[in-house]
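# Reading the structure
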Amino acid sequence: MPVEALMDDDLDELAWLNLDDVSQTLDVSEIEHLYQTLELEEARIEVEISDCVEHRNSVDTRLAQLSALHKSVEATSLLVKPMQRVIDATAGNAGAISGHVRELDQERVKLEHALNTVKETVELKSRLSELLTAMETRDVDRASLLVHEYKATSSDTLDSPFIAFASDSSPPRDIIAAATKELVERVTFMFNTAVESSNTREIGRCFRLFPQLGETQRGLDLYSEFLCAAITDKTRLAQVHTTYALRITRLFEAIASVVDNNFALVEQYYGRGYVLRIIQRLQMEGARRACLVLDFFEEERQVKRRLAQIQQVNVAKPRPLVKAKAEKDDGISDGDFKDIASILAEVVLIGRQVAAFNRFLESRAQPEALLLLGDPETQARVFLSTESLNKLVPLSSALPNTMHVDAQTGLVAHTQLTSRVEWLTNVYVELETFCVQRSMAKAMALDDTNELSGWDSAVISDVEARAQGPMVQTSSCVGDVFFVAKTALEHAVAVQQPRAVEAIAQCVLEAFGEFVRVMGQQAVEKWADVASVQRRILVALNNLDLANVYLQKMVDEVRIRLNTEWARLPEADKTKGQNAIDSLSAISSKLLQAQQHSIDQLSTSLLKPCMRSILQHSYRDIKYVLSDEEFNDVQSDNLFQQRFNLRIRKLGHQLRPRLLPSTYTLVVDAMCACLVYDWERAIRQSKFNMLGGMMFEKDVRFVQLCLEQEAGGVLRAKFAKLVQMARVVAEPAETSVAGVDKDVRALLANRVDVVQPN
């Protein structure tokens with residue numbers, strides 16, 4: 001192996017080779033390995049020596065160049081030494097100068113600071129002199145401004161040795177403190193005097209002075225007291241109204257006006273967020289006055305007595321127990337019911353106004369509260385303390401000690417109005433539930449089905465519809481019942497309490513269950529004359545169909561109203577309300593079941609006899625075993641089709657004015673079911689040949705077309721089996737009928753032109 005190839009591989013091993021270790025090695029294999037290594041090292045050194053010998057001339061040349069360069073460097077060094085001595089001396093001088101400059105800069109800074117201190121001291125002396133003069137001349141505005149400027153004076157100035165020159169008597173701090181105390185007393189006295197004399201200009205002037213004196217809380221509290229007194233004056237005119245909802249409305253409107261009118265003023269002179277203290281104070285005042293109004297409302301309207309009456313009715317007659325006929329005496333007269341309804345109307349208006357007032361305060365307070373979330377010190381100065389809140393609550397109000405200011409909204413939580421709102425919600429639920437049950441019972445008891453015009457004659461399939469006045473297709477109870485339900489749900493939404501919406505939605509569900517039961521009873525009640533039976537069944541069908549339409553419309557409108565009015569409520573409350581409203585859609589399935597039950601009753605009493613009569617009349621003297629000549633005659637003059645078309649048109653002319661368009665479609669569908677059932681039975685007993693089968697197929701297509709024109713839709717599914725039967729009897733005997741039902745293939749036995757196997 002070449003030496004060059006092994007040189008790099010054994011280089012590391014040779015670097016660690018120790019002669020003492022070599023001399024002590026006894027193992028033959030190791031000695032051989034060391035010997036080989038030494039040989040390789042010897043070879044490598046020989047190679048390097050050979051390279052040096054080969055490049056000797058080049059090395060000599062470079063050594064000569066290096067020697068010449070050394071001489072040049074020595075000459076240059078001799079030339080540079082004088083210059084280096086000059087530079088070293090200059091650098092020493094520059095360092096000394098730099099040190100002196102730094103000392104001068106420090107002295108300059110000290111001098112400037114001393115000059116500023118002297119200047120501020122002179123200005124302070126001047127302001128103190130002006131302050132004493134303003135205090136003597138009772139110039140409160142100038143004195144307050146000077147005190148405010150003094151607060152901007154740095155502590156270094158007040159602690160400087162020159163401060164003794166600012167005052168010849170007392171220290172400036174004592175002078176300012178005494179002046180501030182006196183000014184606060186003067187401004188407070190001026191404010192109270194201005195309030196007594198109703199001098200709004202002077203009140204505003206004093207209000208602006210408090211933050212200059214560092215008395216922001218005092219200024220805000222005094223101004224809040226003034227605003228509360230102003231609200232009393234604004235609401236005094238509302239006391240003449242006997243409607244308590246109007247009193248509450250005037251109260252809340254006055255507070256809202258005060259908040260909006262003073263919002264910018266407080267922000268300008270006190271800063272962002274400080275208006276929260278006034279809003280909280282006005283909130284407490286509004287809660288106190290609203291509770292007084294509710295107390296008078298409860299006493300004057302005798303709410304407890306009315307609730308006791310309703311409770312007695314509920315105990316004596318478990319709810320809902322709505323009777324569609326005459327109501328039993330429940331101990332509450334019509335006059336009492338009117339009083340209860342008027343109380344309910346006021347409760348709804350009061351609940352709406354309270355909710356709107358809370359949303360208004362929240363819209364004004366929450367943005368300001370969010371500004372103070374990161375500033376606990378300012379928040380503590382602005383928010384009313386728990387002690388202050390408790391002082392604002394009358395001693396007669398037994399409230400748990402849970403009032404506090406919510407840092408997220410900036411409003412007082414759990415005020416005395418909160419408990420009254422819960423009471424108001426309970427009252428509303430009781431009154432509304434009773435009114436819904438009573439009103440729906442009355443609406444169904446006063447149903448005018450028996451008095452509807454245009455229903456004097458019965459529906460008969462073989463007579464023309466007689467000319468008569470316009471027919472009223474639905475009775476009064478549908479509109480009345482849905483008016484009551486929608487009004488109650490709108491009331492519940494207006495109150496803006498999720499449990500109120502849930503309770504009223506459940507009440508409406510129960511009431512509609514009774515409505516569906518009453519409509520179903522109309523279809524099975526026995527009457528002396530056929531016209532009355534038909535009228536009650538058909539009107540019940542129309543009522544149920546219209547009720548389904550009204551239901552979907554009512555749910556959609558109430559849901560939209562809830563989403564609009566509850567936009568600022570928490571998402572959890574909105575979800576509860578929406579779920580309660582959506583639960584009303586369950587009534588739709590009950591309405592459809594009752595509708596189907598009524599259609600079954602109509603089919604039994606009217607449609608089956610009519611369709612059987614029409615089919616029998618149309619098939620008089622008709623056969624389906626035809627010769628070629630008979631087939632041509634029937635094609636030119638098809639008596640079956642003419643008779644059927646005439647009779648079905650007569651029946652349609654009688655039923656269409658009595659039914660709503662959508663209800664009429666359902667009735668035509670039931671007519672098809674009755675017709676197809678009887679027709680299939682008749683065809684299984686008839687004889688055919690191929691020409692007769694072809695004519696039967698044309699008859700089926702014609703009847704399907706007639707009924708589709710009546711229904712305004714496609715009835716292919718209803719006639720599917722008849723079409724199969726027609727195809728079987730109309731096709732040639734040798735045609736395969738694979739894929740056709742077994743009972744339909746049995747019709748081949750009715751073919752007279754097909755030889756049946758033995």
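The rules behind each value
Residues numbered from 1 in each chain as written. Predicted model: local features only at pLDDT ≥ 70, side-chain atom pairs only at ≥ 80, totals over all residues. Heavy atoms only, no water. Helix = DSSP H or I, 4+ residues; strand = E, 2+ residues; numbered from the N terminus. Buried < 20%, exposed > 50% of the residue type's maximum accessible area, 1.4 Å probe, protein only. Contact = heavy atoms within 4.5 Å. Patch = residues over 30% accessible without salt bridge, like charges linked within 9 Å, V, L, I, M, F, W, Y side chains within 5 Å. Areas by Shrake-Rupley, 256 points an atom, 1.4 Å probe, with all protein chains shown as cover. Salt bridge = Lys/Arg side-chain N within 4 Å of Asp/Glu carboxyl O. Expected span 1.5 Å × (residues − 1). Arc of directions from axis to C-beta. Core = buried A, V, L, I, M, F, W, Y, C linked by side-chain atoms within 4.5 Å. Phe/Tyr/Trp six-rings, centres within 6.5 Å; stacked < 30°, edge-to-face > 60°. Lys NZ or Arg CZ within 6 Å of the ring centre and 35° of its normal. pLDDT = per-residue confidence, 0-100. Axes fitted to C-alpha atoms, helices over the stretch in contact; angles between N-to-C directions. Parallel < 35°, antiparallel > 145°, perpendicular 65-115°, else oblique. Left-handed = near helix turned anticlockwise from the far one by under 90°.

### Details of the overall build of the protein
- Within the protein, the regular secondary structure consists of 27 helices and two strands.
- Here the protein, with 758 residues, has 43% of them falling under the buried criterion.
- Taking the contacts inside the protein whose residues are at least 6 apart along the sequence as the reference set, 76% of them involve residues at least 24 apart.

### Some remarks on the environment of Glu630
- Summarising the element assignment, Glu630 is placed in helix α22 (residues 628-636).
- Residue classification places Glu630 among the partly exposed positions, given a relative accessible area of 29%.
- Separated by 61 residues in sequence, Glu630 and Leu691 have C-alpha atoms that sit 9.3 Å apart.
- Apart from the residues lying within four places of it in its own chain, the contact partners of Glu630 are Lys623 and Val625.

### With respect to a nonpolar patch on the surface
- A cluster of nonpolar residues, Val59, Leu63, Leu66, Leu69 and Val73, forms a patch on the protein surface that exposes about 480 Å² of accessible area.
- By secondary structure assignment, the location of Leu63 is in helix α4 (residues 56-137).
- Looking at Leu63, the relative accessible area reads 51%, which means it is exposed.

### Observations regarding helix α20 (residues 571-582)
- Counted at 1.5 Å a residue, the expected span for α20 with its 12 residues is 16 Å, and the 16 Å between its end C-alpha atoms agrees.
- Among all positions of α20, only Lys574, Gly577, Ala580 and Ile581 are buried. Each buried residue of α20 sits inside an arc of 125 degrees when the element is viewed along its axis, so together they form one side.

### Points about the side chain of Gln641
- Structurally, Gln641 is set in helix α23 (residues 639-655).
- Residue classification places Gln641 among the buried residues on the basis of a relative accessible area of 17%.
- Among all residues touching Gln641, those that are not within four sequence positions of it are Lys698, Asp699 and Phe702.

### A look at the nonpolar core
- Core analysis: the biggest nonpolar cluster contains 140 residues, and Leu282, Tyr428, Met440, Phe512, Phe515, Met554 and Leu584 have the highest contact counts within it.
- Broken down by element, the residue count for this core peaks at 14 residues, all from helix α16 (residues 416-445).
- Residues Leu615, Tyr619, Ile648 and Ala670 belong to the second largest nonpolar core, which totals 55 residues.

### A word on the packing of aromatic side chains
- One pass over the full model with this rule turns up 19 aromatic pairs.
- Here the aromatic rings of Tyr619 and Tyr624 are separated by 5.9 Å at their centres, their planes lie at 80 degrees, and the arrangement is edge-to-face. Tyr624 carries the same exposure label as Tyr619, and that label is buried.
- By the ring-pair criterion, three or more aromatic residues cluster together here, those being Tyr619, Tyr624, Phe640, Phe644, Trp679, Phe688 and Phe696.
- When the ring centre of Trp423 is taken as origin, the NZ or CZ atom of Arg420, which lies over that ring, is 4.4 Å away.

### Section: the confidence of the model for the protein
- The predicted model of the protein averages 82 in pLDDT, with 85% of residues at 70 or higher.
- When pLDDT is averaged over each element of the protein, α20 comes out on top at 93 and helix α1 (residues 3-15) at the bottom at 49.
- Confidence drops under pLDDT 50 across residues 1-7; counting only partners more than four residues distant or on other chains, this segment forms seven contacts.
- Counting interchain partners and residues more than four positions distant, the pLDDT-below-50 stretch residues 318-328 has 21 contacts.

### Considering unusual backbone geometry
- The phi dihedral of Ser198 falls on the positive side, at around 60 degrees, and the residue is not glycine.
- Along the chain, Ser198 falls in the loop between α7 (172-196) and α8 (200-209).
- Phi at Asp621 takes a positive value of approximately 60 degrees, unusual for a residue other than glycine.
- Position of Asp621 among the secondary structure elements: in the loop between α21 (587-618) and α22.

### Observations regarding the environment of Gly652
- Structurally, Gly652 is set in helix α23.
- As for Gly652 and Val459, which are separated by 193 residues in sequence, their C-alpha atoms are 9.7 Å apart.

### Description of the pattern of salt bridges
- Tallied over the full model, the rule gives 37 salt bridges.
- Between Arg272 and Glu368 there is a salt bridge; the shortest N-O distance is 3.2 Å. With Arg272 in the loop between α10 (244-270) and α11 (275-300) and Glu368 in helix α13 (residues 334-371), this residue pair connects regions lying 96 residues apart in the sequence.
- Judged by relative accessible area, which is 43%, Arg272 ranks as partly exposed.
- Residues Arg559 and Asp582 are paired through a salt bridge, measuring 2.8 Å at the closest nitrogen-oxygen approach. Placement of Arg559 in helix α19 (residues 530-565) and of Asp582 in helix α20 is noted, with a sequence separation of 23 residues between them.
- When salt bridges that share partners are traced, they join Glu225, Arg281, Glu285, Arg288 and Arg289 into one network.

### Considering helix α9 (residues 216-235)
- When the terminal C-alpha atoms of α9 are compared, their 28 Å separation across 20 residues agrees well with the 28 Å that a helix rising 1.5 Å per residue should span.
- All buried positions along α9 are accounted for by Thr216, Gly219, Leu220, Leu222, Tyr223, Ser224, Phe226, Leu227, Cys228, Ala230, Ile231 and Thr235.

### Let's talk about the packing of α22 against helix α25 (residues 690-711)
- Between α22 and α25, the shortest axis-to-axis distance is 10 Å and the interhelical angle comes to 15 degrees. Accordingly, the angle class assigned to the pair α22 and α25 is roughly parallel. Crossing handedness for the pair α22 and α25: left-handed. Within the contact between the two elements, α22 uses Asp628, Phe631, Val634 and Gln635 and α25 uses Leu691, Met694, Met695 and Lys698.

### A word on the packing of α13 against helix α17 (residues 476-495)
- Running from amino to carboxyl end, α13 crosses α17 at an angle of 35 degrees, the nearest separation of the two axes being 7 Å. Contacts from Val348, Gly351, Arg352 and Ala355 of α13 reach α17 at His491, Ala494 and Val495.

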